[in-house]
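Each chain, letter by letter, is given below.
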Amino acid sequence: MPEAMDFYAIRDSLSDDERQIQDVVGRWVDERVLPIIADCFEQERFPMELVPEMAEMGLFGPTIEGYGCAGLNSVMYGLIMQELERGDSGIRSFASVQSSLCMFPILTYGSDEQKERWLPKMAKGEVIGCFCLTEPDGGSDPGQMKTKAVRDGSDWIINGAKMWITNGTIAHVAVVWAVTDDGVMGFLVEKDTKGYSARDIEHKFSLRASHTSELFFQDCRVPEANRLPKASGLRAPLSCLTQARFGIAWGAVGAAQACYAEAAEFVGVRALFGSPLSHKQAVQIRLADMVRRMTNAQLLALQLGRLKDAGKMHHTQVSLAKWNNCRMALDIAREARDLLGAGGITIECCPIRHMLNLESVITYEGTETIHQLVVGRELTGHAAF
Ligand code: TGC
Ligand code: FAD
């Protein structure tokens, strides 16, 4: 019999290993994340104490072969992100940034020395990374970045500022994208580098269980050995975004599931006008529509994962999935919040927390409009940015 969280029996098409990974991470989220996350959100605190446990489970750089990483497939990576975001987008963000935006560029564009130096420690969660592309003057068009790196003998001097950077203040190493006389290049800027500073952006109403920071680079001297030698042009940072957006397409499903579950339980017991709300036609239509949209999103994510594992995924397919699944999750969070009535506005219920988080998730890694325009360009051949 179909059940709401897996109406099309997607789990049956997963391998035993894929199911096992989902179960292990899912149990951990139930036991370790859900009991504390509302407090973390309220107190604007990222639960650092969970990082060693996440590392122990192999959640950092999980698709990487070697360097102490688990060498999982992309569907497993997606399932991990789904379970983490069922807990909170901030927990998934931490894992996304570490894995897709920091370990991926070091693996793909780094030298052998950089890989040996950073990846094993990042897999263990001993070194935390952040990814610095967005600038104060506008994130959607990274091609207009102003942060500049100028060659000076065997070093580079970096000047500029980055904005809205996840993990900025807690990172030991920043993957910084800067424009040079030869186009965009990537640099590994270490925390103690003179002229490098970071401060948290406060008073956020979204992703409160996550650090979001501003970074400043004032005459930062970085050795050539810290430049990612294989990264050349905007294509390099955009390729990292493809990895992270893939994870978000899966993660959004988890956030939606958490919201649906809470609302469905509530309407089953809340009795008004002589019967539980779940007996009312209008409520059933809303639940059915939520499950329709969640199921579509799950199928999209799984097919995307299978394409990625087959080496056939195109980044415009990732844009469509990121757009669709974030929109789906945000709409479901709002619906769930409404079905919970007044109680739904308190932190006791998860939909409002997910809803507020998803306002960031639909904005970062490319806004909804940017992904619509990416797909539009693919369909017509004309860029309308
Ligand atoms: P465009 O001409 O389209 O592309 C330049 C070169 O890059 C290639 N390319 C991609 N490659 C891989 N993956 C992608 N997604 C790619 N998109 C483009 C492209 O083929 C081209 O290659 P080549 O060899 O011809 O040079 O560049 P454009 O300047 O026209 O920009 C296009 C646009 C608007 C889609 C792009 O700028 C964009 O994606 N903007 C959105 C920026 C964004 O998403 N920023 C995210 C910052 S990181 C973040 O938010 C982290 S949150 C993490 C968390 O907490 O979870
Ligand atoms: P803008 O680019 O100024 O866009 C403003 C509005 O204009 C949006 O609605 C957009 O859709 C619209 N718009 C833009 N261009 C067009 C167009 N051509 N046509 C029509 N409409 C358009 N960045 C990082 O580099 N690293 C991180 O770790 C990171 N973490 C983040 C964490 C959080 C919590 C948040 C909120 C953001 C984070 N970001 C990060 C930044 C994020 O990627 C940017 O916020 C995002 O790319 C949008 O940029 P912007 O906020 O400057 O908005």
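Quick caveat, the model's predicted, so the values are computed rather than measured.

**Quick word on the overall build of the protein**
Helix and strand counts for the protein come out as 10 helices and 11 strands. Looking at the 385 residues of the protein, the share that counts as buried comes to 55%. Counted over contacts in the protein with a minimum sequence separation of 6, partners at least 24 positions apart contribute 75%. Summing over all exposed atoms, the protein offers an accessible surface of approximately 16700 Å²; the carbon and sulfur share of this is 53%. Charge separation in the protein, taken as the distance between the mean sites of 39 positive and 49 negative side-chain charges, equals 3 Å.

**As for the nonpolar core**
Within the largest apolar cluster, 67 residues are counted, with the highest numbers of intra-cluster contacts made by Leu84, Phe131 and Trp177. Examining the composition of this core, we find that 10 residues originate from one element, helix α4 (residues 89-109), more than from any other. Ignoring sequence-local partners within four residues, the contact set of Phe131 consists of Val97, Leu101, Cys102, Ile165, Val175, Trp177, Pro237, Cys240 and Leu241. Ranked by size, the runner-up nonpolar core spans 34 residues in total, among them Ala255, Leu339, Met355 and Ile362.

**A few points about the domain arrangement of the protein**
Each domain of the protein was delimited in the assignment, giving domain 1 (10-123), domain 2 (129-226) and domain 3 (235-380). Computed from C-alpha coordinates alone, the two centres of domain 1 and domain 2 are separated by 23 Å. Taken together, the contact between domain 1 and domain 2 spans 24 residues of the former and 22 residues of the latter. Both sides together, the interface formed by domain 1 and domain 2 hides about 1800 Å², and carbon and sulfur atoms give 64% of it. Looking at the side of domain 1 facing domain 2, the largest losses of area belong to Phe41, Glu44 and Trp118, adding up to 29% of the total buried there. Counting every contact that joins domain 1 to domain 2 gives two salt bridges. Here Arg208 makes a salt bridge to Glu44, at a shortest N to O gap of 3.8 Å. Linking domain 1 with domain 2 are five residue pairs in polar contact (both at pLDDT 80 or more). When residues of the side of domain 1 that touches domain 2 are traced back to their parent elements, those giving at least two are α1 (16-43), α4 and α5 (112-123). The residue makeup of the side of domain 1 that touches domain 2, split by class, is 14 nonpolar, five polar and five charged.

**A word on the pairing of strand β6 (residues 173-180)**
The side chains of a regular strand alternate, residue by residue, between the two faces of the sheet. Buried residues dominate β6, accounting for seven of its eight residues. Of the pairings in the sheet, the one linking strand β3 (residues 129-132) to β6 comprises four bridges and is parallel in character. The residue bridging Phe131 from the neighbouring strand is Val175, located in β6. When β6 meets strand β7 (residues 183-190), the two strands line up antiparallel, connected through eight bridges. The residue bridging Thr180 from the neighbouring strand is Gly183, located in β7. In textbook terms, the turn of a hairpin is the stretch between consecutive antiparallel strands, and for β6 and β7 this stretch comprises two residues.

**Quick word on the site of ligand 1**
Surrounding ligand 1, one finds 26 residues, the nearest of these being Thr166, Arg235, Thr242, Arg245 and Gly366. In the environment of ligand 1, an oxygen atom lies 2.8 Å from a nitrogen or oxygen atom belonging to the backbone of Gly366. Within the complex, the protein chains bury 76% of what would otherwise be the 1100 Å² of accessible surface of ligand 1. Every element with two or more residues in the shell around ligand 1 is listed here: α4, α6 (235-269) and α10 (368-380).

**Some thoughts on a nonpolar patch on the surface**
Together, Phe7, Tyr8 and Leu299 give the surface a local cluster of nonpolar side chains, amounting to about 310 Å² of exposed area. Inspection of the secondary structure puts Phe7 in the segment before α1. What makes Phe7 partly exposed here is its relative accessible area of 39%.

**Notes on the site of ligand 2**
Around ligand 2, the structure places 20 residues, and the nearest of them are Thr134, Gly139, Ser140, Trp164 and Thr367. Note that an oxygen atom of ligand 2 is positioned 2.6 Å from one of the side-chain N or O atoms of Ser140. Within the backbone of Trp164, a nitrogen or oxygen atom sits 2.7 Å from a nitrogen atom of ligand 2. In isolation ligand 2 has 980 Å² of accessible area, and contact with the protein removes 68% of it. If you list the elements that add at least two residues to the shell around ligand 2, you get β5 (155-166) and α10. Its residues assigned to classes, the shell around ligand 2 comprises nine nonpolar, 10 polar and one charged. Here the shell around ligand 2 gathers at least three residues from each of two domains, domain 2 (129-226) and domain 3 (235-380).

**A short note on unusual backbone geometry**
Even without a glycine there, the phi angle at Glu44 is positive, about 55°. Relative to the helices and strands, Glu44 resides in the loop between α1 and α2 (51-56). Classification of Glu44 as partly exposed rests on a relative accessible area of 33%. Phi angles above zero are rare outside glycine, and Leu207 is one such case at about 45°. By relative accessible area, Leu207 is classed as buried at 4%.

What counts and how
Each chain has its residues counted from 1, running along the sequence as written. In the order they appear in the text, chains get letters beginning with A and ligands get numbers beginning with 1. Per-residue local features are limited, in this predicted model, to residues with pLDDT of at least 70; the limit for side-chain atom pairs, both in listing and counting, is 80 or more; totals at the level of whole chains, interfaces and linings are taken over all residues. Calculation of side-chain values draws on the structure's entire complement of heavy atoms; hydrogens and water are dropped beforehand. Numbering of helices and strands starts at the N terminus; helices are DSSP runs of H or I of at least 4 residues and strands are runs of E of at least 2. Exposed residues in this analysis have more than 50% of their type's maximum accessible area, buried residues have under 20%, and partly exposed residues fall in between, with area computed by a 1.4 Å probe over protein chains only. Note on definitions: a residue-residue contact is assigned when non-hydrogen atoms from the two residues lie within 4.5 Å. Residue exposure ignores everything except the shown protein chains as possible cover, and the areas themselves are Shrake-Rupley values with a 1.4 Å probe. For the purpose of charge, His is not counted, nor are the chain termini; Lys and Arg are scored as positive and Asp and Glu as negative. A charged residue contributes its charge at one atom only: NZ of Lys, CZ of Arg, CG of Asp or CD of Glu. Here, nonpolar core refers to any group of buried Ala, Val, Leu, Ile, Met, Phe, Trp, Tyr and Cys residues whose side-chain atoms link them within 4.5 Å. Here the limits of each domain have been adopted from an automatic or database domain assignment. When two parts are put together, the accessible area they lose, computed with a 1.4 Å probe and summed over both, is reported as buried area. Throughout this description, the term salt bridge denotes a Lys or Arg side-chain nitrogen within 4 Å of a carboxyl oxygen of Asp or Glu. Two N or O atoms form a polar contact when they lie within 3.5 Å of each other; inside protein one atom must be a possible hydrogen donor and the other a possible acceptor, and for residues adjacent in sequence the pair counts only when both atoms belong to side chains. Lys, Arg, Asp and Glu make up the charged group, whereas Ala, Val, Leu, Ile, Met, Phe, Trp, Tyr, Cys and Pro make up the nonpolar group; the residues left over, Gly among them, are polar. Here the rule is simple: two strands pair whenever DSSP picks up at least two bridges between them. Here a residue is considered near a molecule or strand provided that any single heavy atom belonging to it is located within 4 Å of it. Patches draw on residues past 30% relative accessible area with no salt bridge. Two like charges within 9 Å are joined, as are two nonpolar side chains (Val, Leu, Ile, Met, Phe, Trp, Tyr) within 5 Å.

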